[in-house]
Amino acid sequence: MKKPNTIAEKVRLQDAQTLAQGYSPAIRAMEIASIIAFVGLEGALVYKLWSTHHTGPWLLTLAVVLGYLAADFVSGVVHWMGDTWGSTEMPILGKAFIRPFREHHVDEKAITRHDFVETNGNNCLVSLPVAALAVAVPLNGPGWVFLAAFLGAMIFWVMATNQFHKWSHLDQPPALINFLQRVHLILPPDHHRVHHTAPFNQYYCITVGWMNRPLKLIRFFPLMERLITWATGQLPRQDDIGTEAAEALVAVDDAQPLPVLQAAKELLQASAEEPAPAVSTRPVP
């Protein structure tokens, strides 16, 4: 039998059917309650913003755009955490939050068979604290209004992330969705396909994907993994892709210098290679 010689060949995913069975009636009831609570909080925030005289179209537009960028980053961090850490055997978190990430790598089309509740319930649940904070912000001036609008917009886009994600896996999305994907206003299928290449360790941002290239350039997630492994001793992705592949991936990441250290090294090399200033031979009067 041929011995695996690449990280992709070493990946050992879990059973898709077993993972799918982890979606229990209790989890569904929790998701339905979360959706109702989230819609109520967002509705209350819109009413508050509509009623204040401190608001304006430019302020709200800026809040929505910045909230979109922030949601893309948050989606990447949450996605990375769900892909990289923990186990499906963990109490509560394992079946409710981590299981969907494991299932998605085994059967990426499963999300296209999920209804609205299963697709968006988890995101509504994790969005509730920030949505409540946005409603609680006192609208005493333009700065406070901007903060409340930014938080509300960001968490709305976070909630919508799994819907955008689902659409990126459809074989034939609706015409409007296809147009938004082609102009990269929501997550495009080709862009997201990069993440679904084993060992699934890049392009985590799935609201729109604009933050993926900058975060990859600075190696943001590998750096976070090094810090967490140093602090906890936990092996990234062990539950998702198996111990052998996870260890091989860590070895590859450890062999690559961090961007800051690499930049410093290149700067020192450039300084060392600069020619020394010419010494004048003119006699001193």
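Residues numbered from 1 in each chain as written. Predicted model: local features only at pLDDT ≥ 70, side-chain atom pairs only at ≥ 80, totals over all residues. Heavy atoms only, no water.

As recorded by an unreviewed UniProt entry, the protein carries the name Fatty acid desaturase family protein and is attributed to Corallococcus macrosporus. Here is the UniProt Sequence similarities (unreviewed entry) comment for the protein, exactly as written: "Belongs to the fatty acid desaturase CarF family." Looking at the protein in UniProt, the text filed under Subcellular location (unreviewed entry) is "Membrane". (UniProt positions renumbered as here; feature names shortened; annotations may be inferred.)

S.K.: So what's going on with the overall build of the protein? Which residues, and what values?
M.R.: From N to C terminus, the protein includes 14 helices and zero strands. Counted from the first residue to the last, the protein has its helices and strands arranged as α-α-α-α-α-α-α-α-α-α-α-α-α-α. For the protein, with 285 residues in total, the buried portion stands at 41%. Taking the contacts inside the protein whose residues are at least 6 apart along the sequence as the reference set, 71% of them involve residues at least 24 apart. Only carbon and sulfur atoms are counted for the fraction: they give 68% of the accessible area of the protein, which is about 16100 Å². (Helix = DSSP H or I, 4+ residues; strand = E, 2+ residues; numbered from the N terminus. Buried < 20%, exposed > 50% of the residue type's maximum accessible area, 1.4 Å probe, protein only. Contact = heavy atoms within 4.5 Å. Areas by Shrake-Rupley, 256 points an atom, 1.4 Å probe, with all protein chains shown as cover.)

S.K.: Go over the environment of Arg226 with me, naming the residues and quoting the values.
M.R.: In this structure, Arg226 sits in helix α11 (residues 220-232). The class of Arg226 is partly exposed, set by a relative accessible area of 24%. As a C-alpha pair, Arg226 and Asp253 span 27 residues in sequence and 8.8 Å in three-dimensional space.

S.K.: Describe the pattern of salt bridges, and please don't skip the residues or the numbers.
M.R.: This model, assessed by the stated rule, comprises six salt bridges. For Glu103, the salt bridge goes to Arg99, with nearest N and O atoms at 3.1 Å. Remark: Arg99 and Glu103 occur in helix α5 (residues 93-106); sequence separation between them is four residues, near one turn of the helix. Arg99 carries the same exposure label as Glu103, and that label is buried. In this structure, Asp190 engages Arg193 in a salt bridge whose closest nitrogen and oxygen atoms are separated by 2.5 Å. Of this pair, Asp190 and Arg193 both sit in helix α9 (residues 189-193), three residues apart, roughly one helical turn. Using a relative accessible area of 57% as the deciding quantity, one classes Asp190 as exposed. (Salt bridge = Lys/Arg side-chain N within 4 Å of Asp/Glu carboxyl O.)

S.K.: Can you explain the side chain of His169? Please cite residues and give values.
M.R.: Its place among the elements puts His169 in the loop between α7 (142-168) and α8 (175-182). Among the polar contacts made by the side chain of His169, one reaches the side chain of His196 at a distance of 3.3 Å. Excluding anything up to four places from it in sequence, His169 contacts His104, Glu108, Lys109, Ile111, Thr112, His192 and His196. (Polar contact = N/O pair within 3.5 Å; in protein donor to acceptor, adjacent residues only side chain to side chain.)

S.K.: Explain the nonpolar core to me, using residue names and the numbers behind them.
M.R.: Counting 33 residues, the largest nonpolar core has Phe38, Leu49 and Met154 as the members making the most contacts within it. At the level of elements, α3 (25-51), α4 (57-84), α6 (116-136) and α7 are the ones that each hand at least two residues to this core. Broken down by element, the residue count for this core peaks at 13 residues, all from α7. Among residues more than four places away in sequence, those in contact with Met154 are Gly67, Ala70, Ala71, Val74 and Val130. Within the second largest apolar cluster, six residues are counted, among which are Trp80, Trp85, Tyr204 and Leu215. (Core = buried A, V, L, I, M, F, W, Y, C linked by side-chain atoms within 4.5 Å.)

S.K.: Describe in detail the UniProt feature "transmembrane region" (unreviewed entry) in the protein, supporting the description with residues and values.
M.R.: The feature "transmembrane region" (unreviewed entry), as annotated in UniProt, sits at residues 26-47, 59-81 and 143-160 in this numbering. A helix fraction of 100% and a strand fraction of 0% characterise residues 143-160, whose end C-alpha atoms lie 26 Å from each other.

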